[in-house]
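Each chain, written out:
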Amino acid sequence: MDMSTRTGAAGRLAPLTPADWVTVTRAAMGAGAAVLVVLSLVGVLPQRPWSLFLLLVPTFALDAVDGAVARRTNTVTRRGAMWDMEVDSALLLIASLAVAPFAPWALAIGLMRYAFGIGGRLRPAWRGRLPFNQVRRVIAGFQAVALATALAPFVPILLAQLVTGLAVALLFFSFGRDIRYLERHDTAVPQ
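An unreviewed UniProt entry lists the chain under the name CDP-alcohol phosphatidyltransferase family protein, with Ammonicoccus fulvus given as the organism. Database annotation for the chain, UniProt heading Sequence similarities (unreviewed entry): "Belongs to the CDP-alcohol phosphatidyltransferase class-I family."

Chemist: Mind showing me how you'd approach the pattern of salt bridges here?
Modeler: Side-chain pairs of opposite charge can arise where the charged atoms are in close proximity. Summed over the entire model, instances satisfying the criterion amount to eight salt bridges. One salt-bridge network, in which partners are shared between bridges, spans Arg26, Asp63, Asp66, Asp84 and Asp88.

Chemist: Would you take a moment to explain unusual backbone geometry for this structure?
Modeler: Keep in mind that most residues, glycine aside, have a negative phi and that most peptide bonds are trans. One non-glycine residue, asparagine 74, lies in the positive phi region at around 55 degrees. For asparagine 74, the position within the fold is in the loop between helix 3 (63–72) and helix 4 (78–99). The exposure class of asparagine 74 is exposed, given its relative accessible area of 52%.

Chemist: What am I meant to see in the nonpolar core here?
Modeler: Side chains of nonpolar character tend, in soluble globular proteins, to be buried together. Counting residues in each nonpolar core, the largest one holds 38 residues, and the members touching the most others are Leu52, Leu56, Phe60, Val99, Ile109, Leu147 and Leu151. Sequence-distant contacts of valine 99, defined by excluding residues within four places in its chain, comprise Ala106, Leu147, Ala150, Leu151 and Thr164.

Chemist: Where do I start with the UniProt feature "transmembrane region" (unreviewed entry) in the chain in this structure?
Modeler: The UniProt feature table records "transmembrane region" (unreviewed entry) at residues 27–45, 52–70, 90–114 and 158–175. A helix fraction of 72% and a strand fraction of 0% characterise residues 90–114, whose end C-alpha atoms lie 10 Å from each other. Across residues 158–175, helical content stands at 100% and strand content at 0%; the span's end C-alpha atoms are separated by 26 Å.

Chemist: Teacher, can you tell me more about the environment of isoleucine 157 here?
Modeler: Take isoleucine 157: it is sitting in helix 7 (residues 157–184). A C-alpha to C-alpha distance of 33 Å links isoleucine 157 and tryptophan 83, two positions 74 residues apart in sequence. Among all residues touching isoleucine 157, those that are not within four sequence positions of it are Gln47, Arg48 and Phe102.

Chemist: I'm lost on a nonpolar patch on the surface in this one. Help?
Modeler: A cluster of nonpolar side chains, namely Leu13, Trp21, Val24, Met82 and Trp83, defines an oily patch on the protein surface of about 490 Å² accessible area. Elements with a minimum of two residues in the nonpolar patch: helix 1 (18–41) and helix 4. Positionally, leucine 13 belongs in the segment before helix 1.

Chemist: Mind showing me how you'd approach the packing of helix 6 (residues 134–151) against helix 7 here?
Modeler: Relative orientation of the contacting elements helix 6 and helix 7 amounts to 155 degrees, with a least axis distance of 9 Å. By the criterion of interaxial angle, the relationship of helix 6 to helix 7 is roughly antiparallel. The handedness of the crossing between helix 6 and helix 7 is left-handed. Packed against helix 6, whose contacting residues are Val135, Arg136, Ile139, Phe142, Gln143, Ala146, Leu147, Thr149 and Ala150, the element helix 7 presents Ala160, Val163, Thr164, Leu166, Ala167, Val168, Leu170, Leu171, Phe173, Ser174, Arg177 and Asp178 at the interface. Of the residues contributing to the contact of helix 6 with helix 7, the split by class is 14 nonpolar, four polar and three charged.

Chemist: What am I meant to see in helix 1 here?
Modeler: Taking 1.5 Å per residue, 24 residues should reach 34 Å; helix 1 reaches 35 Å between its end C-alpha atoms and fits that length. Regarding helix 1, the residues found buried are Ala19, Asp20, Val22, Thr23, Arg26, Met29, Gly30, Ala33, Leu36, Val37 and Ser40. Next to the buried residues of helix 1 lie helix 2 (50–61), helix 3 and helix 4. Of the residues trailing helix 1, glycine 43 is marked for its positive phi of about 95 degrees.

Chemist: Explain the packing of aromatic side chains to me, please; I cannot follow it from the model alone.
Modeler: The description of an aromatic ring pair uses the distance of the two centres, along with the angle that the planes make with each other. Here the structure, examined in full by the defined rule, presents five aromatic pairs. Ring centres 5.9 Å apart and planes at 80 degrees place the aromatic pair tryptophan 50 and phenylalanine 53 in the edge-to-face group. Highlighted residues: tryptophan 50 and phenylalanine 53, both in helix 2, separated by three residues, approximately one helical turn. Here phenylalanine 116 and tryptophan 126 contribute two aromatic rings whose centre-to-centre distance is 5.5 Å and whose plane-to-plane angle is 10 degrees, an arrangement assigned as stacked. On the criterion of sequence distance, the pair formed by phenylalanine 116 in helix 5 (residues 107–122) and tryptophan 126 in the loop between helix 5 and helix 6 is long-range, its members being 10 residues apart. The two residues phenylalanine 116 and tryptophan 126 agree in class, both being buried. An aromatic cluster of at least three residues, connected via ring pairs, comprises Trp50, Phe53 and Phe154. In this structure, arginine 48 packs its charged tip against the face of phenylalanine 102, placed 5.5 Å from the ring centre. A cation over a ring is seen here: arginine 79 above tryptophan 83, with NZ or CZ 5.0 Å from the ring centre.

What counts and how
Each chain has its residues counted from 1, following the order in which its sequence is written. Local features in this predicted model are restricted to residues whose pLDDT is 70 or higher, and side-chain atom pairs enter the listing and the counts only when it is 80 or higher, whereas totals over whole chains, interfaces and linings include all residues. With hydrogens and water excluded, all non-hydrogen atoms of the structure serve as input to the side-chain values. UniProt positions are given in the numbering used here, feature names are shortened, and annotations may be inferred rather than shown by experiment. Each reported salt bridge corresponds to a side-chain nitrogen of Lys or Arg within 4 Å of a carboxyl oxygen of Asp or Glu. Think of it this way: any DSSP run of H or I at least four residues long counts as a helix, any run of E at least two long counts as a strand, and we number them from the N terminus. The classification of residues rests on relative accessible area computed with a 1.4 Å probe and restricted to protein chains. Under 20% of the type maximum is buried, over 50% is exposed, and intermediate values are partly exposed. Only buried Ala, Val, Leu, Ile, Met, Phe, Trp, Tyr and Cys residues count toward a nonpolar core, and they belong to the same one when joined by side-chain atoms within 4.5 Å. The contact criterion used throughout is that any non-hydrogen atoms of two residues lie within 4.5 Å. A patch consists of residues exposed above 30% relative accessible area that lack any salt bridge, with like charges linked at up to 9 Å and nonpolar side chains (Val, Leu, Ile, Met, Phe, Trp, Tyr) linked at up to 5 Å. Values of accessible area rely on a 1.4 Å probe in the Shrake-Rupley scheme; residue burial ignores everything except the protein chains shown. With axes taken as lines fitted to C-alpha atoms, and helix axes fitted only over the stretch in contact, angles between N-to-C directions fall between 0 and 180 degrees. By the definition adopted for this analysis, an angle is roughly parallel if under 35 degrees, roughly antiparallel if over 145, roughly perpendicular if from 65 to 115, and oblique otherwise. The hand of a helix crossing depends on one turn: near helix anticlockwise from the far one by less than a right angle means left-handed, and clockwise means right-handed. Three classes are used: nonpolar for Ala, Val, Leu, Ile, Met, Phe, Trp, Tyr, Cys and Pro, charged for Asp, Glu, Lys and Arg, and polar for all others, with Gly counted as polar. To estimate the expected span of a helix, count its residues, drop one, and scale the result by 1.5 Å. The pairing test for Phe, Tyr and Trp rings, Trp by its six-membered ring, is centres within 6.5 Å, and the orientation test on the planes gives stacked under 30 degrees, edge-to-face over 60, and tilted for anything in between. Think of it as a cone above the ring: NZ of Lys or CZ of Arg counts as a charge over the ring if it is within 6 Å of the ring centre and within 35 degrees of the ring normal.

Encoded structure:
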C-alpha cells in the first residue's frame, strides 16, 4: 500500500481516490450539519431537530466506509488518512456544539483532539507514534454514537446526558493512556 501523498506532474496533487470521494462527501454532509447546528443554536430550529439527527447518522456511519474503500482499491494514502482524521474531528466538534446546550461536558468530545494537538506543540513527546490499539478505535467510534444518540429527538435528555458523560469519561481515559505511553516512549522528532 502506498502511504505517500501521491503527487502528480509539476507537484500537483494526484486525483482524488474513491476513498477520498467518500471523505469529501462526509465533509459536505458535515457542512450541512454545521448549518443545521447554527440554526438550532439561534432558535430557528428546535434544540434537537430531526433533520440534524437524520443527516449526522449516515455522516458518522460513512466513517467506516472510506478506510475500507481505500484498502479494497489499494489506494491508501497519507493524504486520505489525514483528511479522514480532520473530517472526523470537525464532525465531532459540530455535533458536540449541538449537544452542549443540555450537556456542556460534551464539548470535550469535540475539542479533545485539538487540545491534544496544542499539547503536542508544548510537549514534543506527544508527537510520537502510537501503536495500533483496538480499544482506542472503539472509544473513538463510541464518541460519534454518543453524540448521535444525544441528538436523537426521541431520546430523553437525561439519557443523552448520561451517554455523553460516559463518552467523555472514556475519552479522557483513552487520551490519558496514550499520553502516558508517549511520555514513557519519548521518540518524537522536534518540529
